[in-house]
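As a plain string of letters, each chain reads:
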Amino acid sequence: MKKGFILENILSMFIISTFIPIMFNCLLLLKIDDFSYDLQDEIALIQLRRILSVSYDLQANDNCLSFIYKNEQRMISEVNNNLIMQKGTIIILCDVEDVSFVINDGLLYLYYRRLDKDYEKIVYKI
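To start, this report covers the structure provided alongside it. No experiment lies behind these values; they were computed from the predicted model shown.

### Brief notes about the packing of aromatic side chains
So, step 1. Enumeration over the complete set of coordinates arrives at 2 aromatic pairs.
So, step 2. Note on Tyr109 and Tyr111: the rings are 6.1 Å apart at their centroids and 20° apart in plane angle, and the pair reads as stacked.
So, step 3. Residue Tyr109 is classed as buried on the basis of its relative accessible area of 14%.
So, step 4. With a relative accessible area of 28%, Tyr111 lands in the partly exposed category.
So, step 5. Measuring from centroid to centroid gives 4.9 Å for Tyr112 and Tyr119, while their planes differ by 15°, and the two rings are stacked. For the pair shown, Tyr112 and Tyr119 are each scored as buried.
So, step 6. When the ring centre of Tyr37 is taken as origin, the NZ or CZ atom of Arg114, which lies over that ring, is 4.1 Å away.

This is the structure in structure tokens:
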């Protein structure tokens, strides 16, 4: 056997043994068991508040919210269990049911249901 062959094998085994724990940790990070929508919902509602703060002519019609944003009529409603802002298709919330918008005491409320749990969020102060 040649000396270079043994050195190459030892070096390659060292490199592999170094990367195995790193790869194992990376795979553990990719595993998502308990996905929580809470943080995602809060980020989405902050983005929605920003859009509504520069919009006007808000009208809540039970399961639909319409307003004018950047001089164009926009509408937010539930489509295929997602809360969608249309002109175009911008997904605001995923996996929601029974979405409704209510204006009460100068506040815009968003009600929705996800995974058999009801949510009530104050979206915007009018």
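### A look at the sheet that holds strand β3 (residues 72-79)
So, step 1. Read from one edge of the open sheet, 5 strands run β1-β2-β3-β4-β5, paired in antiparallel fashion. Both edges of this open sheet fall to β1 (56-60) and β5 (90-94), since each of them pairs with a single strand only. Taken pair by pair, the neighbouring strands of this sheet meet at an average axis angle of 15°, ignoring direction.
So, step 2. Relative to β3, strand β2 (residues 64-69) runs antiparallel, the two sharing 6 bridges.

What counts, and where the lines are drawn
Residues numbered from 1 in each chain as written. Predicted model: local features only at pLDDT ≥ 70, side-chain atom pairs only at ≥ 80, totals over all residues. Heavy atoms only, no water. Phe/Tyr/Trp six-rings, centres within 6.5 Å; stacked < 30°, edge-to-face > 60°. Buried < 20%, exposed > 50% of the residue type's maximum accessible area, 1.4 Å probe, protein only. Lys NZ or Arg CZ within 6 Å of the ring centre and 35° of its normal. Pairing = 2+ DSSP bridges. Helix = DSSP H or I, 4+ residues; strand = E, 2+ residues; numbered from the N terminus. Axes fitted to C-alpha atoms, helices over the stretch in contact; angles between N-to-C directions.

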